[in-house]
Amino acid sequence: MWRSTVRWESWSGDGHEHLTIEQLSDGYLARSVLLGAVEGQAFGLHYTLRCDAAWRFRKLDLAAVDTGRKYTLESDGHGHWRDETGETLPGLSSAVDVDLSFSPFTNTLPIRRLRLEEGEAADIVTAYMAFPGFGVSPDPQRYTCLKKDALYRYASLDSDFTRDVEVDGNGLVTLYPGLFKRTA
């Protein structure tokens, strides 16, 4: 079984994430703590995120340390999504992955799941969660493998945002220009 601990810092230096990921018999479990500030307001979050053995998102449990606000998001990996109340989220039916705006870890999910070869690209839809509101919406994206297990181009398909994201051999971000850099 595989286990790794990494730390990231926001590009501005005012945010930090400490994440441990481990391989389980039926998939992967990530546990994370984040500290930062948004518009001058300090925050603390912790989350656990589960994926199946094919790196399809299954469940997110998220809590804000300061307010105690909790959020849960679940998927069966085949387009059926629910929130913490158990309510179905039909607007996410084309999504397989989750994308947390505040964590570079969620880039690992499509990178590992898609297993693109050099020069290949794939269009996907994620369940995008913005912070601090915890709103979830479908977000079309494209991943292109520029160098296998090392460099991927992320492109938003509904804006002009594009970045070449460096990763290690496990698909964990080492450098996301303008947003995150790995510190450990």
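Since the structure is predicted, the reported quantities are computational estimates derived from the model, not experimental observations.

Novice: Can you lay out the pattern of salt bridges for me, pointing to particular residues and giving the numbers?
Specialist: Any two side chains of opposite charge can pair, on the condition that their charged atoms come close. A complete count under the given rule lists twelve salt bridges for this structure. Among the salt bridges present, the one from R58 reaches D52, with a minimum N-O distance of 2.8 Å. Take R58: its relative accessible area is 23%, and that puts it in the partly exposed class. On the basis of relative accessibility, which here comes to 8%, the residue D52 falls in the buried class. For D97, the salt bridge is made with R113, and the minimal N-O distance between the two is 2.7 Å. Separated by 16 residues along the polypeptide, D97 in strand 8 (residues 97–100) and R113 in helix 1 (residues 108–114) bring together distant segments of the chain. When sorted by exposure, D97 lands in the same class as R113, which is buried. It is possible to trace a salt-bridge network through shared partners that takes in R3, E22 and R31.

Novice: Break down the packing of aromatic side chains for me, with residues and values.
Specialist: Throughout the structure, instances matching the rule amount to eleven aromatic pairs. Measuring from centroid to centroid gives 5.6 Å for F102 and F131, while their planes differ by 70 degrees, and the two rings are edge-to-face. A residue pair is termed long-range when its members are at least 10 positions apart, and F102 in the loop between strand 8 and helix 1 and F131 in the loop between strand 9 (121–129) and strand 10 (136–147) qualify at 29 residues. Each member of the pair F102 and F131 is classed as buried. Ring pairs connect the aromatic residues F43, Y71, F102, F131 and F134, which therefore count as one cluster. The lysine or arginine in question, K181, covers the ring of W11, its NZ or CZ lying 5.1 Å from the ring centre.

Novice: Report on the side chain of Q141, specifying residues and quantitative values.
Specialist: Tracing the sequence through the fold places Q141 in strand 10. Under the relative-accessibility criterion, Q141 is labelled buried at 0%. One polar contact links Q141 to Y154, side chain to side chain, over a distance of 3.3 Å. Setting aside residues up to four positions removed in sequence, Q141 forms contacts with D99, A122, D123, I124, T126, Y154, A155 and L157.

Novice: Lay out the layout of surface pockets with the relevant residues and their values.
Specialist: Computed from the structure, the largest pocket encloses a volume of approximately 580 Å³. Elements with a contribution of two residues or more to the lining of the largest pocket: strand 1 (3–10), strand 2 (16–24), strand 3 (27–38), strand 8 and strand 11 (151–156). When residues in the lining of the largest pocket are grouped by element, the largest group, five residues, is from strand 3. Each residue belonging to the lining of the largest pocket can be placed in one class, and the counts come to 17 nonpolar, ten polar and five charged. Volume-wise, the second largest pocket comes out at about 190 Å³. Lining the second largest pocket are V38, E39, Q41, F43, A64, D66, T67, R69, F131, P132 and F134. A breakdown of the residues in the lining of the second largest pocket according to their chemical character gives six nonpolar, two polar and three charged.

Novice: Give a description of the environment of R3 that names residues and reports values.
Specialist: Take R3: it is sitting in strand 1. Apart from residues lying up to four places away in sequence, R3 is in contact with T20, I21 and E22.

Novice: Can you lay out the pairing of strand 4 (residues 41–52) for me, pointing to particular residues and giving the numbers?
Specialist: Bridging between strand 3 and strand 4 involves twelve bridges; their strand directions are antiparallel. Following the sheet pairing, V38 is matched in strand 4 by Q41. Linking strand 3 to strand 4, which pair antiparallel, is a turn of two residues; within it E39 sits at a positive phi near 50 degrees. Strand direction decides the pairing type here: strand 4 and strand 5 (residues 57–64), joined by seven bridges, are antiparallel. Paired with L49 across the two strands is L60, which belongs to strand 5. Remark: four residues form the turn of the hairpin made by strand 4 and strand 5, two consecutive strands paired antiparallel; W55 in that turn has positive phi of roughly 70 degrees.

What counts and how
- Residues numbered from 1 in each chain as written.
- Predicted model: local features only at pLDDT ≥ 70, side-chain atom pairs only at ≥ 80, totals over all residues.
- Heavy atoms only, no water.
- Salt bridge = Lys/Arg side-chain N within 4 Å of Asp/Glu carboxyl O.
- Buried < 20%, exposed > 50% of the residue type's maximum accessible area, 1.4 Å probe, protein only.
- Helix = DSSP H or I, 4+ residues; strand = E, 2+ residues; numbered from the N terminus.
- Phe/Tyr/Trp six-rings, centres within 6.5 Å; stacked < 30°, edge-to-face > 60°.
- Lys NZ or Arg CZ within 6 Å of the ring centre and 35° of its normal.
- Polar contact = N/O pair within 3.5 Å; in protein donor to acceptor, adjacent residues only side chain to side chain.
- Contact = heavy atoms within 4.5 Å.
- 1 Å grid on protein atoms, 1.4 Å probe; cavity = no way out; pocket = protein on both sides within 12 Å on 5 of 7 lines; lining within 4 Å.
- Points joined across faces, edges and corners; volume = space filled by probe spheres on them.
- Nonpolar A, V, L, I, M, F, W, Y, C, P; charged D, E, K, R; others polar.
- Pairing = 2+ DSSP bridges.

Shape descriptors only; they carry no functional weight alone.
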